[in-house]
Each structure stands twice: as C-alpha cells, then as structure tokens.
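Per-entry structural report
For reference, the chains in residue letters:
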Amino acid sequence: MSENRSPWLWVPTLYFAEGIPYFIVNVVSVTMFKRMGMSNADLAMYTSLLYLPWVIKPLWSPVVDVVRTKRWWIILMQALMTVCFAAIALTLPHRTGAPAGAFVLSLIFFYITAMLSATHDIAADGYYMLALDEHRQSLFVGIRSTFYRIASVFGQGVIVVVAGLLETRYGDIPRAWSNTLLFSSALFLFVTLWHRFILPSESGGARLPESSTRSISGAFATFFRKPGVWLAIVFMLLYRLPEALSVKMLTPFLLDPVDKGGLALSTAQSGLVYGTVGVIALTLGGILGGIWSARAGLRKALWPMALALALPCSVYLYMAMAQPGSIYVIYFCVALDQFGYGFGFTAYMLYMMYFSQGEYSTSHYAICTAFMALSMMVPGFFAGMLQERLGYVGFFILVMLCCLATVGVTALLPRHIRPDYGIK
C-alpha cells in the first residue's frame, strides 16, 4: 500500500459499511414494506429476491479482481449506495396500503442497492487481504467481525427504532420511513468521504492477473468434482430450512394485530426485540459456538449445534398460540431462538470452510456462500403465501416440521468429516 495508515482508521468503518446496506436491504426492507401496508405474500416474495446478488456474486468477482483497484470499487459502490438510499426514500408511495405496483421504483432501487452491496463485499474482503499482512489479518479478524455485528444492531435495531419514533412523532408512516432512509443516505455519504481520504491507495493497482478470470471456470469445475459434493450441497440448502422459511415472517408476526394472529408490537418495539436483543443473543450464541467447536471439533459438535438451531423455533409456535402480552416474555423467546441459531450456525460456517479446503479454497468458499444465500432465498420466496394460507399457528407448525430436514441432513454428514477438524 502506498500509505502506511493504521488499520484502526479504516477496518472498523469498512466492515460497518459492509454490514449496513446488507441489513437494510434484507431485513429493514421487510419491516418497512409491512408498515407501508404490503401483504405478507408480496413482501416475502419481493424481499427474498433481494438475496439473488449474493447468490450469483462469484460470477462477477473476477471483474472486481482485474478492473481498476479494490479501493476504487469500494468508494464507487459506497457513493452509488448513498444515491440509492436517497432514491428509495424519494420514490416511496405517499400513503400506506398502496397497491404493490406503487412500490416498483423503490424495489428497483432496492435491487440495485443489493447488487452494489454484493460487489462492495467482494472488493472490501479483497482489499482487506491486500492491505494487511497475515499477522495483521489475524489480529484484525475479530475487529472486522465485531463491527459487522455492530452494523447488524445498528441496521436491524437502531434504524428501525428511529423509524418507529418518527412514525409516532409525525403520525405519517411513509414520511417517517422516507426520512429514515434519507438519514441512512447521509450516514453513507459521510462513510464514503471518510474512506475517500483514509483508505490507503494500492500501489501499482494491486490487481490480480487476468488469468484469474480463467481460474474461476477451473474453480467451478473442481468444486463439482469434489468427493461428496452433492451431499454438501444438500446440507448447505437444507440445514437452515426452518430459519429460511420463518425469517421473512418474524417481523410481520411481531407487527400484525392480535386479531390477525400477531403480537401487535410497535415498529420501535420490534426493532428492540428482533434487531437489538435478538442480534445480541445471536452474537453470544456464535461466540459460544466457536469456543465449543474449538474444544470438541466439528464432528462432535455437529449434533448439539443442529438441535440448537432447529428446536428453539418452537418459541414462535408458542407465541402464535399464546399471544403473550408481556414484552419481556417476547424478549426471552426471541433471545432464546436467536441464541440457538447463532450457536447452531457455527457448524454451518465450519462445514463450508472444511469442504472448501484444497486448491481454489477461496473460490470454493465463495461458491459455498452462494448456496448459503440460495438456501435463504427460495424458502423465503414462498413463506408469505404459506403464512397467508395457513395462518401464523399453521405456518409455525410447518416451520417445526422443517426441523426434520435439519435432522436428516445432519445424520448423513458426520462420517464425511475428519474427526479432529476444528479442534484447537
């Protein structure tokens, strides 16, 4: 790098900037469209398709490698996302309950933002590898993860709470969300300007050779020739099926009135429950999952983690049936589910790392993350239609039945994992 600036000046902000658009696009959008009056079927279908750029991003990652520099891509993507957030704010319908067609322009800008965010992920992760030597990469990996989690709390929690407070202040839901997105745009403008002056320049372009565009075809070819590849793909698609089916309906469930089977929380309350308490519990579960897997190894940890991921989904069935009036009961139930998910998701991440070992390990891991995004996109696409047909109680019964898929794929996997993998 051409300047010797401390990574403390840019690693935290870079990974905060990586997280914010992802959570606005894939999580906050659900709350916003629900509060704007969009049906559960429509919002689940449209927002699930927003995962698509993360599914297909391995296809254009070589372009980011060979065209200009990672720094150039980072700043350009951040500047364009700044514009897109403002465009979404300005194209929202001016009334709640508008037909789905009234959201077309806003959805188009959401899809553009998703493409920009996925491209930014590629550039930011590549820049991190170029800017830091192996020692500092290891040193700052915890810092980047921490600030990505902070972005999660800020995106799913703070932004939603701000929108909820503005809804109460204005008495006008579209205006509240429009101003919230304008605030997000202003925040990203500041981040863009910060990185424009703080990110060290890459000497001589620091680009990968053009052969990297040819290596991607080799990566795909070798990926599908790896032993046990089809079992691995089935595992990556089905292990999280209960979460994938339910996640798009959790916010609508919290927000819907009691007579529609929901819990009748306000926008601000849902931001605190799911976006703050839930995310903190998710993070703690992930930390403990990492500690446990380092002691027991992936093979021994797999079953406890699979059950921890699947079984706590039952709390939503309980809440759908009991419709508890106490916010603290709701806090506890959501925290329990998210803690279990964070703990169980560790096995999923470790298995992707395990399966990606060998030649083209980086590219193979990127392909695994594409299957990871696909596993969330497809079930989420149908979740709203199923919920409207079954009601919340019936829908969460179906979610519990999906736990059988988690158990089934977990039962097939242990003999294909090296016994000592993951042990410190």
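Within each chain, residue numbers correspond to sequence positions counted from 1 in written order. Since the coordinates come from a predicted model, pLDDT governs what is reported: local features require at least 70, and pairs of side-chain atoms require 80 or more to be given and counted, while whole-chain, interface and lining totals use all residues. Excluding hydrogens and water, the side-chain values take into account all heavy atoms of the structure.

**Brief notes about the overall build of the protein chain**
This is how it is decided: Secondary structure elements are taken from DSSP: a helix is a run of H or I of four residues or more, a strand is a run of E of two residues or more, and numbering for both begins at the N terminus. By the convention used here, residues are in contact when the closest approach between their heavy atoms is within 4.5 Å. Only four residue types enter the charge count: Lys and Arg as positive, Asp and Glu as negative, with His and the chain ends excluded. By convention, the point assigned to a charge is CZ for Arg, NZ for Lys, CD for Glu and CG for Asp.
Counting its regular elements, the protein chain contains 15 helices and zero strands. When the backbone C-alpha atoms are referred to their principal axes, the protein chain occupies close to 60 × 50 × 35 Å. In the protein chain, the proportion of contacts linking residues at least 24 apart, taken out of those at least 6 apart, comes to 84%. With 28 positive and 19 negative side-chain charges, the protein chain shows a spacing of 3 Å between the two charge centroids.

**Here we look at helix α7 (residues 173–198)**
Note the cut-off: The span you would expect from a helix comes to 1.5 Å times its residue count less one. Whenever two N or O atoms come within 3.5 Å, that pair is a polar contact, provided that in protein one can donate a hydrogen and the other can accept it, and provided that, for residues adjacent in sequence, both atoms are side-chain atoms.
Relative to the 38 Å expected for 26 residues at 1.5 Å per residue, α7 spans 37 Å between its end C-alpha atoms, a close match to the ideal helical length. The backbone nitrogen of R175 has a side-chain oxygen 3.2 Å away, supplied by the residue at the start of α7, namely D172.

**What about the pattern of salt bridges?**
Two side chains of opposite charge can pair, provided their charged atoms sit close to one another. Where we set the bar: Between Lys or Arg on one side and Asp or Glu on the other, a salt bridge is scored when a side-chain nitrogen of the former is within 4 Å of a carboxyl oxygen of the latter.
Counted under the stated rule, the structure contains two salt bridges. Residue E167 pairs with R35 through a salt bridge whose shortest N-O separation is 2.9 Å. With a gap of 132 residues between them, E167 in helix α6 (residues 134–170) and R35 in helix α1 (residues 11–35) connect regions that are remote in the sequence.

**As for the environment of L404**
Within the secondary structure, L404 is located in helix α15 (residues 361–412). Once the C-alpha coordinates of L404 and L238 are considered, the two residues, 166 residues apart in sequence, prove to be 9.7 Å apart.

**Focus on empty space enclosed by the protein**
Threshold: Lining residues are those with an atom within 4 Å of a point, where the points come from a 1 Å grid over the protein atoms alone and group into cavities, where a 1.4 Å probe fits but cannot get out, or pockets, open sets with protein on both sides within 12 Å along at least five of seven lines. Grid points are joined across faces, edges and corners, and a volume is the space filled by probe spheres set on the points. Only Asp, Glu, Lys and Arg are considered charged, only Ala, Val, Leu, Ile, Met, Phe, Trp, Tyr, Cys and Pro nonpolar, and every remaining residue, Gly among them, polar.
Counting across every chain of the model gives one cavity of 30 Å³ or more. Its boundaries defined by the atoms lining it, the largest cavity holds a volume of some 60 Å³. Lining the largest cavity we find V27, T31, Q156, V160, T251, L254, S270, G271, Y274 and G275. Listing elements by their share of the lining of the largest cavity, those giving two or more residues are α1, α6, α10 (241–255) and α11 (267–296). With four residues, α11 is the single largest residue contributor to the lining of the largest cavity. The residue makeup of the lining of the largest cavity, split by class, is four nonpolar, six polar and no charged.

**Brief notes about a nonpolar patch on the surface**
Worth spelling out the cut-off: Patch membership requires more than 30% relative accessible area and the absence of a salt bridge. Residues of like charge join within 9 Å; the nonpolar side chains Val, Leu, Ile, Met, Phe, Trp and Tyr join within 5 Å. Accessible areas in this description were obtained via Shrake-Rupley with a 1.4 Å probe; residue shielding takes into account the shown protein chains only. Only protein chains enter the accessibility calculation, which uses a 1.4 Å probe; a residue is then buried when its area is under 20% of its type maximum, exposed when over 50%, and partly exposed in between.
Together, I280, L284, I287, L288, I291 and F339 give the surface a local cluster of nonpolar side chains, amounting to about 520 Å² of exposed area. With five residues, the single largest contributor to the nonpolar patch is α11. With respect to the helices, strands and loops of the structure, I280 is situated in helix α11. Of the residues examined, I280 reaches a relative accessible area of 44% and is grouped as partly exposed.

**Some points on the packing of α1 against helix α5 (residues 104–131)**
Stated formally: Convention adopted: a line fitted to C-alpha atoms gives each axis, helices being fitted over their contacting stretch, and angles between N-to-C directions are expressed from 0 to 180 degrees. The cut-offs work like this: below 35 degrees is roughly parallel, past 145 is roughly antiparallel, 65 to 115 is roughly perpendicular, and the gaps in between are oblique. Put simply, a crossing is left-handed when the front helix is turned counterclockwise from the back one by less than a right angle, and right-handed when it is turned clockwise.
The contact between α1 and α5 brings their axes to 10 Å, and the two run at 155 degrees. As judged from the angle between their axes, α1 and α5 are roughly antiparallel. By crossing handedness, the relation of α1 to α5 is classed as left-handed. Where α1 approaches α5, its residues V11, L14, Y15, A17, E18, P21, Y22, I24, V25, S29, M32 and F33 are matched on the opposing element by L107, F110, T113, A114, S117, H120, D121, A124, D125, Y127 and Y128. Looking at the contact of α1 with α5, its residues break down into 16 nonpolar, four polar and three charged.

**Some points on the confidence of the model for the protein chain**
Short version of the rule: Confidence scores per residue from the predictor, reported as pLDDT, run from 0 to 100.
Confidence in the prediction of the protein chain, expressed as mean pLDDT, is 88, and 94% of residues score 70 or more. Scored below 50 in pLDDT, residues 204–211 makes 11 contacts in the model with residues more than four places away or belonging to other chains.

**Quick notes on the packing of α10 against α15**
Interaxial distance between α10 and α15 falls to 3 Å at its minimum, and their mutual angle equals 145 degrees. The residue makeup of the contact of α10 with α15, split by class, is 21 nonpolar, six polar and two charged.

**Digging into unusual backbone geometry**
Even without being a glycine, R68 presents a positive backbone phi close to 55 degrees. Within the secondary structure layout, R68 lies in the loop between α3 (52–66) and α4 (70–91). One non-glycine residue, A264, lies in positive phi territory at about 60 degrees. Position of A264 relative to the elements: it lies in the loop between α10 and α11. For A264, a relative accessible area of 41% gives the class partly exposed.

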